[in-house]
Amino acid sequence: MQLDVFLKQVSINQALNSLISHIAEAGIEIASLVKQGALAGVTEKMTTTNVQGETQMQLDILSHDLALAQLRASTVVAGVLSEEVDAPVLFETLDAPFLVSMDPLDGSSNLAINGVVGSIFSILPNTGVSRLGEQAFLQPGQAQRAAAYVMYGPATLLVLTMGQGTHVFTLDAQQQIFTLTQQTVQIADQTTEFAINTSNQRYWQPAMQRYIAECLHGADGPRGHDFNMRWCASMVMDVHRILTRGGVFLYPRDTKQPVKAGRLRLLYEANPMSLLVTQAGGASIDGLDDILSIQPTSCHQRVPVLLGAKQEIQRLRDYHQQASH
Ligand code: AFP
């Protein structure tokens, strides 16, 4: 089933459906640039840094521009918060029904090694951006009307939730149309696979040290079975693996840079991914609290992220609770 047919079947909200179609178009445009790689000269590093102080790639900026143009063309978006710019971009359509937070090209350090990257989108109701300015974007993740990522891998995928399950669409490269290939994805409650950047281990808190130590002891430890580990350094790809074959993805709080609560950004990484994962039967916490219930305090706020298989996330929550007493 093609994306537009699916949207008509599951939602009568034409504005939301139109917005998702424009996000899909942005994904198609960014996919064709990613596939050209060095031939399009887009894998070069810029001399500029983004608001996070990270070196930008040409494609970071091009993806931001392409996505912004599609969101503006939808006419149903009032403003856009992007990883690539400090303050939200406000459109002339200030009373339009939606706001969008996005990471136009997540995992872009993978471009240099021809690795997988993706775009992440969080769709919020417009609660009055004309009056509130950037405060209007500071809504908890549970307010999201929809969330999606586009994954630029061997196949280009659109993974979407509108609050009734998480669904996967694959881009037909010839027709340039997304087609439903997996409906109502379900993440298994249990897993024997975890994803974490262990180079940060010495900076983790005791609860995370305990969890990973027990996994690594495998069949000889308290868990009584061996675990496998994966790390792609691309949240889109790591989360997609979890949606596809289960597991947990962990970017915990650490003391490496004490001013940062974690590496990942709440509004355009943690929140949309948490909605996609919870709509697939998984769970997502910052250690103690559900990510989706966190009240944001700033646009580029960082947060620890532990998401995936429900029972493992509950175990992690228990370990954090026990450590906090
Ligand atoms: P970049 O977009 O700067 O490559 O960052 C990607 C990311 O935010 C996320 O996609 C990864 O899960 C995480 O960073 C990787 O972090 P490490 O550098 O610690 O592997």
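Just so it is clear, the model here is predicted, and its values are computed rather than measured. (Residues numbered from 1 in each chain as written. Predicted model: local features only at pLDDT ≥ 70, side-chain atom pairs only at ≥ 80, totals over all residues. Heavy atoms only, no water.)

**Details of the sheet that holds strand 4 (residues 89–90)**
Counted only if it meets this: What makes two strands pair is DSSP finding at least two bridges between them. We count a stretch as a helix when DSSP gives it H or I for four or more residues in a row; a strand needs E for two or more, and each element gets its number in order from the N terminus. The contact rule is simple, with two residues in contact once any of their heavy atoms fall within 4.5 Å. Fitted lines through C-alpha atoms give the axes, limited to the stretch in contact for helices. The angle between two N-to-C directions lies from 0 to 180 degrees.
Spatial ordering of the open sheet is given by 4-3-5-6-7-8-9-10, a layout of eight strands whose pairing is mixed. Every other strand in the sheet has two partners, leaving strand 4 and strand 10 (177–182) as the edge strands with one partner each. In the sheet, strand 3 (residues 77–82) pairs with strand 4 via two bridges, with the strands oriented antiparallel. Within strand 4, the position partnered with Gly79 by the bridge is Leu90. Against the sheet, helix 1 (residues 3–10) engages strand 8 (156–161), strand 9 (166–172) and strand 10, with an angle of about 5° to strand 8.

**Focus: the UniProt feature "binding site: Mg(2+) 2" (unreviewed entry) in the protein**
So the rule is basically this: UniProt positions are given in the numbering used here, feature names are shortened, and annotations may be inferred rather than shown by experiment. Only protein chains enter the accessibility calculation, which uses a 1.4 Å probe. A residue is then buried if its area is under 20% of the maximum for its type, exposed if over 50%, and partly exposed in between.
In this numbering, the UniProt entry assigns the feature "binding site: Mg(2+) 2" (unreviewed entry) to Asp103, Asp106 and Glu269. For this annotated set, covering 167 residues, all C-alpha atoms fall within 8.5 Å of each other, a compact arrangement in space. For Asp106, the position within the fold is in strand 5 (residues 98–106). Taking the relative accessible area as the measure of exposure, Asp106 reaches 6% and is therefore buried. The residues contacting Asp106, other than those within four sequence positions of it, are Val117, Gly118, Ile120, Ser234, Met235, Val236 and Glu269.

**Thoughts on the site of the ligand**
Rules: What makes a residue near a molecule or strand is one non-hydrogen atom of that residue sitting within 4 Å of it. Two N or O atoms count as a polar contact when they lie within 3.5 Å, although within protein this holds only if one can serve as hydrogen donor and the other as acceptor, and sequence-adjacent residues are included solely when both atoms are side-chain atoms. In short, Shrake-Rupley with a 1.4 Å probe defines the accessible areas, and a residue's cover is counted only from the protein chains shown. Each residue is assigned to one of three groups, with Ala, Val, Leu, Ile, Met, Phe, Trp, Tyr, Cys and Pro labelled nonpolar, Asp, Glu, Lys and Arg labelled charged, and all others, Gly among them, labelled polar.
Close to the ligand lie 15 residues, the nearest being Asp106, Asn197, Met235, Tyr251 and Arg263. For the ligand, an oxygen atom lies 3.3 Å from a polar atom in the backbone of Ser108. With respect to the ligand, the side chain of Glu269 contributes an N or O atom lying 3.3 Å from an oxygen atom. In the complex, 87% of the free accessible area of the ligand, which totals 490 Å², lies under the protein chains. The set of elements that each furnish at least two residues to the shell around the ligand consists of strand 13 (248–251) and strand 14 (264–265). Grouping the amino acids of the shell around the ligand by side-chain chemistry returns six nonpolar, five polar and four charged.

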